[in-house]
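Letter by letter, the chains look like this.
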Number of protein chains: 2
Amino acid sequence: MFTGLSAFPLTPLDDDQLDESAYAKLIARLAAAGVDSIGALGSTGSYAYLTRAERARAATLAVRGAAGVPVIVGIGAVRLRHVLEHAEDAQRAGAAGVLLAPVSYQPLLPDEVYHLYEQVAANLSVPLVVYDNPRTTGFTFTDDLYAAVAKLPHVESIKVPPLPADPAIAADRVSGLRGRLPAHVGIGVSGDPVAAVSLRAGCDAWYSVIGGILPGLALAITRADTAAGSRAASDRLRPFWELFAAYGSLRVVAATAAVLGLTGADCLPRPLRGLDAAGLDAVRRAVDEVTAG
Amino acid sequence: MFTGLSAFPLTPLDDDQLDESAYAKLIARLAAAGVDSIGALGSTGSYAYLTRAERARAATLAVRGAAGVPVIVGIGAVRLRHVLEHAEDAQRAGAAGVLLAPVSYQPLLPDEVYHLYEQVAANLSVPLVVYDNPRTTGFTFTDDLYAAVAKLPHVESIKVPPLPADPAIAADRVSGLRGRLPAHVGIGVSGDPVAAVSLRAGCDAWYSVIGGILPGLALAITRADTAAGSRAASDRLRPFWELFAAYGSLRVVAATAAVLGLTGADCLPRPLRGLDAAGLDAVRRAVDEVTAG
């Protein structure tokens, strides 16, 4: 399950309520495009902002709309008790797997993160993706911690932060890390602009933001037959890589969803705000450019 | 209200439930010591980990136990809707003021933080402390943003991150910032080890972690007649400053509460964990040292 393109959709709000029809549309698009899995309630899916009820409802809608595509559901929360509640809800909704980032308020110690995963793993019956995202969690894994957590039951994939853009350095990093992990644990990567390089460097899965909104163009990267083809498919999306760097990927994909008519004008949870007029214009131009021809 | 020692108690848990009797004891101790205000549900009070119901209950208990000492209640959350709910609950509980940090999951932009405060201020009827704590929020204020937020209704204090330990540099910083703020907006400081210097440098309030557990020793700093007296009172607490640097202040005050018999052995919300045996021993020695004589 944890291979190829895992597409992470927005969880759109409308007037601060879950926009169920827009969410269903986003999910259906991913299923129709043939993504390898759907990552519901990831960072792009605003899991950290939503209530337990909203998350349980979104998980149910995602599984229902996925038409058999495996759905991986984010279960992160700053408190262990809430993580366990989200895991229970996700499994009840029919999640094929769950994804957990060590999200924190007080900076966590490595031992605390290990015990977090240990306790969650002991209460799961589906596979778990370990989600390392220092920018939002404030926590940085060491390779020793990856290796320890990877031995826990149910752990089947580790999502690492963006790899270096240099292919040889990225390949060294992947093979070095793979040597520390059990054979059944895959390596996934985030960081859309370096996904093509990362997959060629040996990563098994791409946990993708752009894949959640432009799945066909993302699949062109994962399904290219050659390194050159994969790189060309990635280069086509360069206008988005530039926008991600300027505005943050979440705000850009929210604007893209609005430009494509898939959500309302402003689907993010406050205090997050959509792009200003100049940003929106840039997103419109980027959409035109990457979807042309 | 936003002057002198604002003491921030733990919100102790017992078996993952609010330990109401321990919390009442902690609050009563602060009131009896004569602190200038009580900062309930601050970072030390684990606000980010607790449910709405737990926070509302803790706010009620704090006001009830404070015997007339003003209680400032933390209302932070990553989603605006939840911040407004916590503000409503805090005011209903009788909070004299509220305290808001721009806590984030996705890194916030300055404009988003401004609008957050604007919308909260528009819905308040009590004073607001702007709480700048980059270590836990991931957001760093600029002086321009301080100045803009300070003009909003109800804003009466800005809590800045720890100031430099050099008295002259700290005084420059305080007077520079004061020139940017309306006269009715005070400057508070956190960072217990530099509190003595910061108060002498012109800060109005000390939002204090150690004051929440050892209020008498903290009051000796704020009430000293001379700079030398204040410094000596701070030096007496040096064993704690060293422990804070080694383990993080929250874990140390939780251990201190346990050593003093005020809470159970492990009152923190999981995945946070108490200190190991060596850390606990060090806390015991520190308690003995600072309370001797």
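Residues numbered from 1 in each chain as written. Chains lettered and ligands numbered in written order. Predicted model: local features only at pLDDT ≥ 70, side-chain atom pairs only at ≥ 80, totals over all residues. Heavy atoms only, no water.

Draft legend 1. Fine view of the overall build of chain A. Looking only at helices and strands, chain A has 13 helices and 10 strands in total. The C-alpha atoms of chain A give a radius of gyration of 18 Å, which matches the 19 Å a tight globule of 293 residues would have. Over its C-alpha atoms, taken along the principal directions, chain A stretches across nearly 45 × 45 × 35 Å. The buried share among the 293 residues of chain A stands at 58%. Across chain A, the fraction of contacts at a sequence separation of at least 24, relative to all contacts at a separation of at least 6, is 73%. About 10600 Å² of surface is accessible on chain A, with carbon and sulfur atoms providing 53% of the total. (Helix = DSSP H or I, 4+ residues; strand = E, 2+ residues; numbered from the N terminus. Rg over C-alpha atoms; globule rule 2.2 N^0.38 Å. Buried < 20%, exposed > 50% of the residue type's maximum accessible area, 1.4 Å probe, protein only. Contact = heavy atoms within 4.5 Å. Areas by Shrake-Rupley, 256 points an atom, 1.4 Å probe, with all protein chains shown as cover.)

Draft legend 2. View of helix α2 (residues 52–65) of chain B. For α2 of chain B, spanning 14 residues, the distance from its first C-alpha to its last is 20 Å, which sits close to the expected 20 Å at 1.5 Å a residue. Residues of α2 of chain B that are buried in the fold lie against α3 (80–93) of chain A together with β3 (17–18), α1 (20–33), β4 (37–40), β5 (71–74) and α3 (80–93) of chain B. Looking one or two residues past α2 of chain B, A67 of chain B carries a phi angle of roughly 50°, positive in sign. (Expected span 1.5 Å × (residues − 1).)

Draft legend 3. Representation of the sheet that holds strand β9 (residues 186–189) of chain A. Pairing is parallel in the closed barrel, where 8 strands are placed in the order β1-β4-β5-β6-β7-β8-β9-β10 (chain A). Going from strand to strand, the sheet's axes swing by 25° on average, the running direction of each strand aside. (Pairing = 2+ DSSP bridges. Axes fitted to C-alpha atoms, helices over the stretch in contact; angles between N-to-C directions.)

Draft legend 4. Inspection of the interface of chain A and chain B at higher detail. Contacts between the two partners involve 37 residues from chain A, matched on the other side by 37 residues from chain B. Here chain A meets chain B over a buried area of about 3500 Å², counting both sides, of which 52% is carbon and sulfur. At the junction of chain A and chain B, the tally comes to 10 salt bridges. Taking the shortest distance from any N to any O, the salt bridge between R81 of chain B and E54 of chain A comes out at 3.3 Å. For the pair chain A and chain B, the number of links is 28 residue pairs in polar contact (both at pLDDT 80 or more). Of all elements in the fold, only α3, α4 (110–121), α5 (134–137) and α12 (249–259) of chain A reach the threshold of two or more residues within the side of chain A that touches chain B. (Buried area = accessible area lost by both parts, 1.4 Å probe. Salt bridge = Lys/Arg side-chain N within 4 Å of Asp/Glu carboxyl O. Polar contact = N/O pair within 3.5 Å; in protein donor to acceptor, adjacent residues only side chain to side chain.)

Draft legend 5. Highlighting the packing of aromatic side chains. Counting across every chain of the model gives 16 aromatic pairs over all chains. Ring centres of Y49 of chain A and Y105 of chain B lie 6.5 Å apart, and the angle between their planes is 85°; on these two criteria the pair is classed as edge-to-face. Highlighted residues: Y49 of chain A in the loop between β4 (37–40) and α2 (52–65) and Y105 of chain B in the loop between β6 (97–100) and α4 (110–121), drawn from two different chains. With centroids separated by 5.3 Å and ring planes inclined at 10°, the aromatic side chains of F141 of chain A and Y146 of chain A adopt a geometry described as stacked. (Phe/Tyr/Trp six-rings, centres within 6.5 Å; stacked < 30°, edge-to-face > 60°.)

Draft legend 6. Highlighting the UniProt feature "binding site: pyruvate" (unreviewed entry) in chain A. In the numbering adopted here, UniProt assigns the feature "binding site: pyruvate" (unreviewed entry) to T44 of chain A. Relative to the assigned elements, T44 of chain A resides in the loop between β4 and α2. (UniProt positions renumbered as here; feature names shortened; annotations may be inferred.)

Draft legend 7. Local environment of the environment of H154 of chain A. Residues and elements named next belong to chain A. As for its position among the elements, H154 is in the loop between α6 (143–150) and β8 (155–160). For H154, a relative accessible area of 29% corresponds to the partly exposed category. Separated by 106 residues in sequence, H154 and A48 place their C-alpha atoms 23 Å apart. Those residues in contact with H154, other than ones at most four positions away along the chain, are A121, L124, S125, V126, P127 and L128.

Draft legend 8. Structural detail: the sheet that holds strand β1 (residues 4–7) of chain B. Residue and element names in this part refer to chain B. Reading around the barrel, the 8 strands line up as β1-β4-β5-β6-β7-β8-β9-β10 and close back on themselves, with parallel pairing between neighbours. Put simply, the sheet's adjacent strands are angled 25° from each other on average, direction ignored. Pairing of β6 with strand β7 (residues 128–131), which is carried by 3 bridges, proceeds in the parallel orientation. By the bridge assignment for β7, L100 is matched with V130.

Draft legend 9. The arrangement of the UniProt feature "active site" (unreviewed entry) in chain A in detail. This chain's UniProt record puts "active site" (unreviewed entry) on Y131 and K159 of chain A. These annotated residues cover 29 residues of sequence, and their C-alpha atoms all fall within 4.9 Å of one another, placing them together at a single site. For Y131 of chain A, the location among the structural elements is in strand β7 (residues 128–131). Of the residues examined, Y131 of chain A reaches a relative accessible area of 6% and is grouped as buried. Residue contacts for Y131 of chain A: discarding those within four places in its chain leaves F8, S43, L99, L100, A101, P102, Y117, F141 and K159 of chain A together with Y105 of chain B. By the secondary structure assignment, K159 of chain A is in strand β8. When its relative accessible area of 1% is taken as the criterion, K159 of chain A is described as buried. For K159 of chain A, the contacting residues outside a window of four places in its chain are V129, V130, Y131, D132, N133, G188, V189, S190 and Y207 of chain A.

Draft legend 10. Representation of the relation of the copies chain A and chain B. When chain A is fitted onto chain B, the two copies agree to an RMSD of 0.0 Å after a turn of 180° and an axial shift of 0.0 Å. Such a turn and shift between the copies fits a two-fold axis. If distances are taken from each C-alpha of chain A to the rotation axis, the shortest is found for G138 of chain A, at 4.0 Å. Both copies present the same face, since 100% of the interface residues in chain A are matched by interface residues at the equivalent positions in chain B. (Least-squares fit on C-alpha atoms with pLDDT ≥ 70 in both.)

Draft legend 11. A look at the side chain of T256 of chain B. Residues and elements named next belong to chain B. Along the chain, the position of T256 falls in helix α12 (residues 249–259). Assessed through its relative accessible area of 0%, T256 is described here as buried. Dropping the residues within four chain positions of it, T256 is found in contact with I213, F240, V283 and V287.

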